[in-house]
Amino acid sequence: MEFYTKPGEYDAINYIPPAESHGTKELWRTFWILLGITVLDFIIYFVMPHTGFRNFIFIFFGIVKAYYIVGAFMHMKYEKINLALVILVPTIFIIGLVMGLLYEGNALTYAK
Amino acid sequence: MWAGGRSPFNVSYGKLMMWLFLLSDAFTFSSLLVQYGAQRFSNVQSPIVTNWPDPASIFNHFPFMHGLHLPLLFVSVMTFILIMSSVTMVLAVEAGHRKSKKEVVRYMIYTIIGGAMFLGCQAWEWTVFIGEGATLYGNQFGITEAGQKVFGALGFGDHFEWQPEYRTAGPVPFAALFFIVTGFHGFHVFSGVVINVVVTIMAARGVFDRRGHYEMIEKAGLYWHFVDLVWVFVFTFFYLI
């Protein structure tokens, strides 16, 4: 292990990348987007009848909100693509799990 | 053993571990929400006609507005509180990049207040829900035809009163799933508030100034934003749909 703990060399445990501020402009923009989508959610809830299309809109808006929270607030847009893929790619399996179990749940209606 | 002489992800060890923890936590919450989805879909006749209780008929209370039909309003206020506290958190992280101790502490205190307000709102919502008879083992929130008639004619802000003949037994896991999912999320908010209090005290005492960086605020921030992220989906699946 001595090869990277020599003084002045890269130290995997204590390495801290230099911090840089991107300013607060983008953060406030993200806030207004999130607030706007939430208000839209509220309006659509009362204006539109309860249909599958309305559910689709709500889920789509949820994914848009998630994109802005992870991208801007959690700073994922500025991380290396390697890190972003390591974190985001496994979540594809969640979508598969959701699809599978909603189908199974629906089948239970008739089995009960 | 990596010996490439540079950080492969260009992040610190602690932040990488926080990301991986959040990924595992995303799976935990997904398993709860998937369970909710499967239970809900097992009570669907066609994609929309369902005997699953309509959240608008249950979570329609607002503090100091007794007896008024105000669906979605209170939970929207809760969402706003959480988004707002996310913004103050990210402003604290930004101030940490500039090593401005005073600003970090100030924004962190705003964030803690936001988290505490959210927890208070959730406690109120649970209290009302339990007061109406919600238990882990049953569900009295199914709507009868008479209830549907009265309820369907209600507009936003109308006066209304539940009568016993409006309600009937509904799908059993409804309240249990609500308690488990919002409870698990609320517990995350609570632990997030505790983490924020700890890092705020550390920042105020100058620990991060001596360390030379405010990386710890970023890690606490990642956790806090994740809690907000989970709420987006809890809000969507429990209240909107």
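Quantities reported herein were computed from a predicted structural model and do not represent experimental measurements. (Residues numbered from 1 in each chain as written. Chains lettered and ligands numbered in written order. Predicted model: local features only at pLDDT ≥ 70, side-chain atom pairs only at ≥ 80, totals over all residues. Heavy atoms only, no water.)

Asks: Please provide a residue-by-residue account of the layout of surface pockets, values included.
Replies: There is about 1,600 Å³ of room inside the largest pocket. Lining the largest pocket are 42 residues, and of these Ile 59, Ile 63 and Val 98 of chain A together with Phe 233 and Phe 237 of chain B sit closest to its centre. Mapped by element, the contributors of at least two residues to the lining of the largest pocket are helix H3 (52-73), helix H4 (81-88) and helix H5 (92-111) of chain A together with helix H1 (13-41) and helix H8 (215-240) of chain B. Of the domains in this structure, domain 1 (23-78) and domain 2 (80-112) of chain A are the two that each give at least three residues to the lining of the largest pocket. The set of elements that each furnish at least two residues to the lining of the second largest pocket consists of helix H2 (25-47) of chain A together with helix H2 (55-58), strand E1 (142-143), helix H5 (145-152) and H8 of chain B. In terms of residue class, the lining of the second largest pocket is built from 19 nonpolar, ten polar and three charged. (1 Å grid on protein atoms, 1.4 Å probe; cavity = no way out; pocket = protein on both sides within 12 Å on 5 of 7 lines; lining within 4 Å. Points joined across faces, edges and corners; volume = space filled by probe spheres on them. Helix = DSSP H or I, 4+ residues; strand = E, 2+ residues; numbered from the N terminus. Domains from an automatic or database assignment. Nonpolar A, V, L, I, M, F, W, Y, C, P; charged D, E, K, R; others polar.)

Asks: Any chance you could break down the domain arrangement of chain A for me, citing the residues and the numbers?
Replies: The domain architecture assigned to chain A consists of domain 1 (23-78) and domain 2 (80-112). Averaged C-alpha coordinates put domain 1 of chain A and domain 2 of chain A at centres separated by 21 Å.

Asks: Please give an account of the packing of H3 of chain A against H8 of chain B that cites residues and values.
Replies: One way to put it is that H3 of chain A packs onto H8 of chain B with a least axis distance of 10 Å and a crossing angle of 175°. In terms of axis orientation, H3 of chain A runs roughly antiparallel to H8 of chain B. Here H3 of chain A contributes Arg 54, Phe 58, Ile 59, Gly 62, Lys 65, Ala 66, Ile 69, Val 70 and Phe 73 of chain A to the contact with H8 of chain B, which in turn contributes His 225, Asp 228, Leu 229, Val 232, Phe 233, Phe 235, Thr 236, Phe 237 and Leu 240 of chain B. Classifying every residue of the contact of H3 of chain A with H8 of chain B gives twelve nonpolar, three polar and three charged. (Axes fitted to C-alpha atoms, helices over the stretch in contact; angles between N-to-C directions. Parallel < 35°, antiparallel > 145°, perpendicular 65-115°, else oblique. Contact = heavy atoms within 4.5 Å.)

Asks: Lay out helix H6 (residues 173-204) of chain B with the relevant residues and their values.
Replies: Along its 32 residues, H6 of chain B runs 46 Å from first to last C-alpha, staying within 8% of the 46 Å computed at 1.5 Å per residue. Looking one or two places after H6 of chain B, you find Gly 206 of chain B, whose phi comes out positive at around 80°. (Expected span 1.5 Å × (residues − 1).)

Asks: So what's going on with empty space enclosed by the protein? Which residues, and what values?
Replies: One pass over the full model with this rule turns up four cavities of 30 Å³ or more. Taken as a whole, the largest cavity spans an internal volume of roughly 220 Å³. Taken together, 19 residues make up the lining of the largest cavity; nearest its centre are Phe 73 and His 75 of chain A together with Val 90, Val 93 and His 97 of chain B. Broken down by secondary-structure element, the contributors of at least two residues to the lining of the largest cavity are H2 and H3 of chain A together with helix H3 (73-97) and H8 of chain B. Lining the second largest cavity, in full, are Ile 58, Phe 59, Asn 60, His 61, Trp 124, Glu 125, Val 128, Phe 129 and Glu 132 of chain B. Tallying contributions element by element places helix H4 (residues 101-131) of chain B first for the lining of the second largest cavity, with four residues. Its residues assigned to classes, the lining of the second largest cavity comprises five nonpolar, two polar and two charged.

Asks: Any chance you could break down the packing of aromatic side chains for me, citing the residues and the numbers?
Replies: By convention here, two paired aromatic rings are described through the distance between centres and the angle between planes. Using the criterion set out here, one finds 35 aromatic pairs over all chains in the structure. Here Phe 42 of chain A and Phe 156 of chain B contribute two aromatic rings whose centre-to-centre distance is 6.1 Å and whose plane-to-plane angle is 90°, an arrangement assigned as edge-to-face. Within this pair, whereas Phe 42 of chain A is found in helix H2, its partner Phe 156 of chain B is found in the loop between H5 and strand E2 (167-168), the two belonging to separate chains. Accessibility expressed as a relative area gives 42% for Phe 156 of chain B, which makes it partly exposed. Sitting over the ring of Tyr 45 of chain A, Arg 54 of chain A keeps its end group 4.8 Å from the ring centre. (Phe/Tyr/Trp six-rings, centres within 6.5 Å; stacked < 30°, edge-to-face > 60°. Buried < 20%, exposed > 50% of the residue type's maximum accessible area, 1.4 Å probe, protein only. Lys NZ or Arg CZ within 6 Å of the ring centre and 35° of its normal.)

Asks: Report on the interface of chain B and chain A, specifying residues and quantitative values.
Replies: Chain B puts 63 residues into the contact, and the matching count from chain A is 58 residues. Contact between chain B and chain A buries roughly 5,500 Å² in total, counting both sides, with carbon and sulfur atoms accounting for 77%. Three residues stand out in chain B for area buried against chain A, namely Phe 9, Trp 19 and Leu 240 of chain B, and they jointly supply 11% of the buried area on that side. Across the contact surface, chain B and chain A share one salt bridge. A salt bridge links Glu 79 of chain A to Lys 15 of chain B; the nearest nitrogen and oxygen atoms lie 3.7 Å apart. (Buried area = accessible area lost by both parts, 1.4 Å probe. Salt bridge = Lys/Arg side-chain N within 4 Å of Asp/Glu carboxyl O.)

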